[in-house]
Amino acid sequence: MAKLKDANPKNVSGGYDRLFGIPELGLLMSKVQSTVISSGSELERLITSMVETVDNLDTFLHQDVMPEGVFLATKQQIKKSKTLKYKGAEPDFMVFKRREGKQRCHIIELKDGHVFDTKKAAAEHTALHTFIERNALHLPFMISTHFCAFNQDDKTVIYDGFKRKIELSETMTGREFCELLELDYDEIVATRSADRPANVRYFVSELLRIPQIRNLVQELLNRH
């Protein structure tokens, strides 16, 4: 998982300063927010490193029959494609899978969290389906769409988190995503969890470096 100590937020939120009235605490909270965002990118990089990726998406799409196996095209590869259209709203991943003579294309939005505001959820659903509609002629496969909340095991919770702006059948758990890619979900979770103790230690240490916080903690401890 992304390390809190390595965070270097580009924008320090003034909202945290207003909330707490302590600039040092505001900076620390901005680091937390930045690390949470980085964790999503880190998850995508981890997944990509474990799956065979498509070298040239245009060449891959022009094959009559894809090779046996599982192949991943990233957002960056989709952006570079001269075959596919609808720039600026590319999905996170396209997963091409051929097993036992059956080939399928899975269009996937991957999320580290599972709760989104109504406007964002609706926009993501529209963007994904518009992408497919505009590229149907270039995707000679059975196609399915998925909104994956990697850390959530309950599809109903994912459905509610997207404010029901997606179809329940489009929800995908992290475990299902890993099964599609033929990866070990528990291994990935364990890898991402390895930095948690260090993140907790760093957060508490940085808190105690702030005089107002250290004095307050001491005061509260003395009451107990």
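Before going into details, it helps to say that this report is about the structure given with it.

What counts and what doesn't
Residues numbered from 1 in each chain as written. Predicted model: local features only at pLDDT ≥ 70, side-chain atom pairs only at ≥ 80, totals over all residues. Heavy atoms only, no water. 1 Å grid on protein atoms, 1.4 Å probe; cavity = no way out; pocket = protein on both sides within 12 Å on 5 of 7 lines; lining within 4 Å. Points joined across faces, edges and corners; volume = space filled by probe spheres on them. Nonpolar A, V, L, I, M, F, W, Y, C, P; charged D, E, K, R; others polar. Phe/Tyr/Trp six-rings, centres within 6.5 Å; stacked < 30°, edge-to-face > 60°. Helix = DSSP H or I, 4+ residues; strand = E, 2+ residues; numbered from the N terminus. Buried < 20%, exposed > 50% of the residue type's maximum accessible area, 1.4 Å probe, protein only. Core = buried A, V, L, I, M, F, W, Y, C linked by side-chain atoms within 4.5 Å. Contact = heavy atoms within 4.5 Å. Salt bridge = Lys/Arg side-chain N within 4 Å of Asp/Glu carboxyl O.

**A look at the layout of surface pockets**
Then step 1. The space that makes up the largest pocket amounts to roughly 170 Å³.
Then step 2. Class assignment for the residues of the lining of the largest pocket results in 2 nonpolar, 3 polar and 1 charged.

**What about the packing of aromatic side chains?**
Then step 1. Under the criterion given, the structure shown has 7 aromatic pairs.
Then step 2. A ring pair is formed by F116 and F162, whose centres lie 4.7 Å apart and whose planes are at 40°; its orientation type is tilted. Of this pair, F116 sits in the loop between β3 (102-111) and α5 (118-135) while F162 sits in the loop between α6 (155-161) and β5 (171-173), and the two are 46 residues apart along the sequence. Here F116 matches F162 in class, with each residue buried.
Then step 3. Grouped by ring-pair contacts, the aromatic residues F60, F71, F96 and F141 constitute a single cluster.

**Notes on the nonpolar core**
Then step 1. L57, L84, M94 and F96 are the most contacted members of the largest nonpolar core, which has 26 residues in total.
Then step 2. When residues of this core are traced back to their parent elements, those giving at least two are α3 (57-61), β1 (69-74), β2 (93-99), β3, α5, β4 (142-149) and α6.
Then step 3. No other element matches α5, which puts 4 residues into this core.
Then step 4. If we skip the residues at most four places from it in the chain, F96 touches V54, L57, F60, L61, M66, G69, V70, F71, A73, R104, C105 and F141.
Then step 5. Listed in part, the 20 residues of the second largest apolar core include L46, V95, C178 and L180.

**Description of the pattern of salt bridges**
Then step 1. Counted under the stated rule, the structure contains 16 salt bridges.
Then step 2. Across the pair K5 and D6 runs a salt bridge, and its minimum N-O distance is 3.2 Å.
Then step 3. For K5, a relative accessible area of 52% gives the class exposed.
Then step 4. Salt-bridge contacts for D186 lead to R175; the nearest nitrogen and oxygen are separated by 3.1 Å. Taken together, the residues D186 in helix α8 (residues 185-193) and R175 in helix α7 (residues 174-181) connect sequence positions 11 residues apart.
Then step 5. The class of R175 is partly exposed, set by a relative accessible area of 33%.
Then step 6. Through salt bridges that share partners, E109, K111, K120 and E124 make up one connected network.

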